[in-house]
Number of protein chains: 2
Amino acid sequence: MKKIVTGAAGFIGSTMVDRLLLEGHKVVGIDNFSSGQKRFLEKAFQNSNFEFYNQDLLDTEGLNKSFLGGDVVFHFSANADVRFGTNHPRRDLEQNTIATHNVLEAMRINSIKKIIFSSTGSVYGEAPIIPTLETCAFPIQTSLYGASKTACEGLISAHCEGFQFQSWIFRFVSILGERYTHGHVFDFYQKLKLDPTRLAVLGNGLQRKSYLYVQDCVDAISIAVEKSLERVNIFNLGVDNYCEVNDSIGWICDELGVKPKLEYTGGERGWVGDNPFIFLETKKIRALGWAPKLSIRDGVIQTVRFLKENEWVFEERASL
Amino acid sequence: MKKIVTGAAGFIGSTMVDRLLLEGHKVVGIDNFSSGQKRFLEKAFQNSNFEFYNQDLLDTEGLNKSFLGGDVVFHFSANADVRFGTNHPRRDLEQNTIATHNVLEAMRINSIKKIIFSSTGSVYGEAPIIPTLETCAFPIQTSLYGASKTACEGLISAHCEGFQFQSWIFRFVSILGERYTHGHVFDFYQKLKLDPTRLAVLGNGLQRKSYLYVQDCVDAISIAVEKSLERVNIFNLGVDNYCEVNDSIGWICDELGVKPKLEYTGGERGWVGDNPFIFLETKKIRALGWAPKLSIRDGVIQTVRFLKENEWVFEERASL
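Residues numbered from 1 in each chain as written. Chains lettered and ligands numbered in written order. Predicted model: local features only at pLDDT ≥ 70, side-chain atom pairs only at ≥ 80, totals over all residues.

1. Some details on the nonpolar core
- Judged by nonpolar contacts, the single largest core of 180 residues is most densely connected at Cys217 of chain A together with Cys217 of chain B.
- Ignoring anything within four residues of it in the chain, the contact list for Cys217 of chain B reads Ile12, Phe172, Ile175, Leu212 and Leu237 of chain B. (Core = buried A, V, L, I, M, F, W, Y, C linked by C-beta atoms within 7 Å. Buried ≥ 20, exposed ≤ 12 C-beta atoms within 10 Å, placed from the backbone. Contact = placed C-beta atoms within 7 Å.)

This is how it looks when you write it as structure tokens:
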């Protein structure tokens, strides 16, 4: 039986592909390279257990074929561009909600019943209680991204009820580490490369954020899928502390050996719909024996080192 | 300025159209008659303040044009077929989620900022706490219908945050009354018309249900829109008690003067994904001074009388 990974050339997807191959599984990777990178799959392509389809999730016919023989789907493909959601309101709907519907249909057609899904802490909107539990009060969505991931979660759990699927839904904080290609460390690194003497910072720099290292994220997913066997298994994933954007800027600048003048745009939000503070209660996943190995600081530094050694990711992003 | 009503030829939509016209507003009705009935708009068509577009919400170009000059949208168009959701998994996605996205886009293009939305108590899935509050724990979806309405709510509130919309979202129990064209009273009436000596009942008849009379529903919407002025206003709508399906069968049979033999299919659910008990806490809307005028029993009887006087609705449904 094969493990299917959508978004296989993406940050978390390609990390999961490598992990599954390391564990000896047959893996089918699916990606359309809209934001994924061929280079992230270099190692996978050398493994005879790896099969790949250059496939758009909106092309249902091709999708249905590529799922043949799978027994579980790691659905990690997504539009993860939270910030510019209001510039193209249809993108989250298509690439998240409709794509997830298509994935579930392809599963149904191929009698695949298990799905692992990368959701987000953004589904909590502006949570009134922090750290936020999986069972917090019914949230009000504040971003098109969060709304689309909530829609995906709903589709998945309705399939669990209606078609006897089983699901593991992970609500992530932001993820950092090797193969990271968007987010604040990426943006700051890119700006500092162009001009190390100054750095424009959206908001007031006091926005509190919680980050998780990508290998810790993949560890948590593996443990939850092994140990949690409800029909619908929902887990927050994150570390048990947070930093301010200013802390992160300090670590990045230290690692790069630069001392830019910080220029704040002001306000407590980086952008419209930005959540000034996402911090998740993770005692549910910790109760299964998982704990993150890297602190936020170490995750940020690891990410800067990856970017230093892989500056080609900036070229690739610029060409999109 | 005009009030726009989608699903204008539907059960609740046409009732809202008549109410708005009665209040002297200019009203634009939009419907594609996929399940709406021209006859429900007979009175409206005689009013010079009423304008109508035979328009599918999936045709964005036509939709955008029909919204010209509106100042508020009552978005009541939906696929409301909860029961057969698993027979056509794409229908709720298209007619609810994508259609609502299109409505929001048409609003944005036409600078309309206010939306009233008919959601459902089904968004609570199988609520662990009953009666269920608007702020209950983050629910797990159990039906494609509930999942699609949750997706719509998310899209709407994300537009409130991202585009300064204002919204009133109503989570209904089942609605009864004049122009009711689907649901258990409809089904039982239809079966008893064919054969008054026996009645097949899905489940064990002990399913508890809460119903609200359509005029009480429209009253509540009018009051909430007038008095509740948050950016996102979410209200449960229902009566403060419930009945069993068996109670309802008794009232229907009494009204029809029949004594059928009841044949239960058994089990505590009528169908896969059926929620054996939806009962909503409505103290939030009651705090605005609203109270329903009709009991569940009176609502059921009113509905049976409407069906008796309008048996053509069964012909129309049969031809769909």
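2. Remarks on the relation of the copies chain B and chain A
- Laying chain B over chain A is done by rotating through 180° and shifting 0.0 Å along the axis; what remains is an RMSD of 0.0 Å. Both chain copies can therefore be described as sitting about a two-fold axis.
- Of the interface residues in chain B, 100% have counterparts in chain A that sit at the interface too, so the contact is made through matching surfaces. (Least-squares fit on C-alpha atoms with pLDDT ≥ 70 in both.)

3. Remarks on the pairing of strand S8 (residues 198-201) of chain A
Residues and elements named next belong to chain A.
- Residues of S8 alternate between two faces, with Leu199 and Val201 buried on one and Arg198 and Ala200 left unburied on the opposite face.
- Where S8 meets strand S13 (residues 261-264), four bridges bridge the pair, whose relative direction is parallel. Across the sheet, Ala200 pairs through a bridge with Glu263, a residue of S13. (Helix = DSSP H or I, 4+ residues; strand = E, 2+ residues; numbered from the N terminus. Pairing = 2+ DSSP bridges.)

4. With respect to the domain arrangement of chain A
Residue and element names in this part refer to chain A.
- According to the domain assignment, chain A contains domain 1 (2-175 + 211-237) and domain 2 (177-210 + 241-318).
- The C-alpha centroid of domain 2 is placed 23 Å from the C-alpha centroid of domain 1.
- Facing 38 residues of domain 1, the contacting portion of domain 2 comprises 32 residues.
- Sort the elements by how many residues they give to the side of domain 1 that touches domain 2 and helix H7 (residues 214-227) lands first, with eight residues. (Domains from an automatic or database assignment.)

5. Side note on the packing of helix H5 (residues 144-163) of chain A against helix H5 (residues 144-163) of chain B
- Two elements in contact, H5 of chain A and H5 of chain B, have axes separated by 8 Å at closest approach and are oriented at 175°. In terms of orientation, H5 of chain A and H5 of chain B fall into the roughly antiparallel class. On H5 of chain B, the residues that touch Leu144, Gly146, Ala147, Thr150, Ala151, Gly154, Leu155, Ala158 and Gly162 of chain A of H5 of chain A are Leu144, Gly146, Ala147, Thr150, Ala151, Gly154, Leu155, Ala158 and Gly162 of chain B. (Axes fitted to C-alpha atoms, helices over the stretch in contact; angles between N-to-C directions. Parallel < 35°, antiparallel > 145°, perpendicular 65-115°, else oblique.)

6. What to know about the environment of Gln166 of chain B
All names here are of chain B.
- Counting through the fold element by element, Gln166 comes out in strand S6 (residues 166-172).
- Counting along the chain gives 51 residues from Gln166 to Ile115, while the straight-line C-alpha distance between them is 6.5 Å.
- When neighbours within four sequence positions are excluded, Gln166 is seen to be in contact with Lys113, Lys114, Cys160 and Arg231.

7. So, the packing of helix H8 (residues 245-256) of chain B against helix H10 (residues 296-309) of chain B
Residue and element names in this part refer to chain B.
- Orientation of H8 relative to H10, taken along the N-to-C sense of each, is 45°, at an axis distance of 9 Å. Considering the angle they form, H8 stands oblique to H10. Judged by the sense of rotation from one axis to the other, the crossing of H8 with H10 is right-handed. Contact residues: H8 offers Ser248, Trp251, Ile252, Glu255 and Leu256, while H10 offers Arg297, Val300, Ile301 and Val304. (Left-handed = near helix turned anticlockwise from the far one by under 90°.)

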